[in-house]
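A structural walkthrough
Each chain, letter by letter, is given below.
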Amino acid sequence: MNILVIIAHPDDEVLGMGGTILKHAKNADKVTVAYMTTGITSRRSSNYQSISSYQTNKKQKSIMKNQIEELRKDAKKSCKLLKVKKTIFFDFPDNELDTVPLLKIIKSIENIIKEIKPDRIYTSHYGDLNIDHRIIFEATLTACRPVKFPVKEIICFEILSSTDWAFSYKFKPNYFINIKNELDYKIKAMQVYKNEIREFPLPSSIENIKNSAHKWGTVSGLKSAEAFQLIRKFEK
């Protein structure tokens, strides 16, 4: 089975479904991860921390350009741990996808679909707090309209620090995957993102990643699980 994961930012794939990605790979599925934005430029800072100022000087832009490359290297290393077959990077602006024509994003995703021919697509949830996540969902759903690209399955996943911060909580999972044997690798893959990981109680902390896996495990009668919301499935 060809699996395509379409996300906005590097680390979304691990936070949301790192264990499931590895499980697909173990099952001999071919997994491709497409990162649609640069991932960090919205912070307007050269030290991996967000600042309040919107303006960015030339020096910070130059430093952030190097940091984007470093982040992509981390993404590739993380994906290697999860046995991802292919990574694709785009340069859409981080946390500013609402400034880009939606049609441009849709067509970029259409081109990926033509190349990969996925049986199943995973993407971010339509109710996330992060604007990029919501737009990626909308663009993906549009690119997968049944008339042109009959992708069999479209599934959303929770991304810690975005899905759970969108009050009121709209994520209503109805599909759970056992990651008991993959959780340790999910954590290792997240640790590769050395500048993205945070201390507890922030959501993108190692402790909270474990907590989330155990929470969805208790919901589904498993020790550790990742939760998903099935958006669409076609069967012949």
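Refer to the structure printed above.
The rules behind the values
Sequence order sets the numbering: in each chain, residues are counted from 1 along the sequence as written. Reporting of local features is limited, given that this is a predicted model, to residues whose pLDDT is at least 70; pairs of side-chain atoms are given and counted only at 80 or more, and all residues count toward the totals for whole chains, interfaces and linings. No hydrogens and no water enter the side-chain calculation; it runs on all heavy atoms of the structure. Helix and strand definitions here come from DSSP, where helices need a minimum of 4 consecutive H or I residues and strands a minimum of 2 consecutive E residues; each element is numbered from the N-terminal end. One fewer than the residue count of a helix, multiplied by 1.5 Å, yields its expected span. Buried residues are those whose accessible area, probed at 1.4 Å on protein chains only, stays under 20% of the maximum for their type, while exposed residues exceed 50% and partly exposed ones sit between those limits. Residue contacts follow a heavy-atom distance rule, with two residues in contact if any of their heavy atoms lie within 4.5 Å. As used in this structure description, the phrase polar contact means that two N or O atoms lie within 3.5 Å; if the pair is within protein, one of them must be able to donate a hydrogen and the other to accept it, and residues adjacent in sequence are counted only when both atoms belong to side chains. A carboxyl oxygen of Asp or Glu within 4 Å of a side-chain nitrogen of Lys or Arg is what we treat as a salt bridge. If DSSP finds at least two bridges between two strands, the strands pair. Angles shown run from 0 to 180 degrees and are taken between the N-to-C directions of axes, each axis being a line fitted to C-alpha atoms and, for helices, limited to the stretch in contact.

This next bit is on helix 3 (residues 102-116). Taking 1.5 Å per residue, 15 residues should reach 21 Å; helix 3 reaches 21 Å between its end C-alpha atoms and fits that length. Here helix 3 has its buried residues at I105, I106, S108, I109, E110, I112, I113 and I116. Each element contacted by the buried residues of helix 3 is listed here: strand 1 (2-7), strand 2 (30-37), strand 3 (86-92), strand 4 (120-124) and helix 4 (131-143). Among the residues trailing helix 3, K117 stands out with phi positive, at a value near 50°.

Within the element layout of this structure, H125 appears in the loop between strand 4 and helix 4. Take H125: its relative accessible area is 0%, and that puts it in the buried class. At 2.9 Å, the side chain of H125 forms a polar contact with the side chain of Q229. Discounting chain neighbours no more than four positions away, the residues touching H125 are H133, R134, F137, C156, F157, T163, K170, F171 and Q229.

Once that is clear, we can look at the pattern of salt bridges. Applying the stated rule across the entire model yields ten salt bridges. A salt bridge links R145 to E110; its shortest N-O distance comes to 2.8 Å. Placement of R145 in the loop between helix 4 and strand 5 (153-157) and of E110 in helix 3 is noted, with a sequence separation of 35 residues between them. Notably, a salt bridge pairs K233 with E153, separated by 3.9 Å at the nearest N-O pair. Remark: E153 occurs in strand 5 and K233 occurs in strand 7 (residues 225-233); sequence separation between them is 80 residues. When salt bridges that share partners are traced, they join R120, E153, K233 and E235 into one network.

Looking now at the sheet that holds strand 3. Read from one edge of the open sheet, seven strands run 3-2-1-4-5-7-6, paired in mixed fashion. The open sheet has two edge strands, strand 3 and strand 6 (175-178), and neither has a second partner. The mean angle between the axes of side-by-side strands here comes to 25°, regardless of whether they run parallel or antiparallel. Taken together, the four bridges between strand 1 and strand 4 define a ladder with parallel strand orientation. Bridging across to strand 4, I6 finds its partner in T123. The strands that helix 1 (residues 12-26) touches are strand 1, strand 2, strand 4, strand 5, strand 6 and strand 7; relative to strand 7, the one it contacts most, it runs at about 85°.

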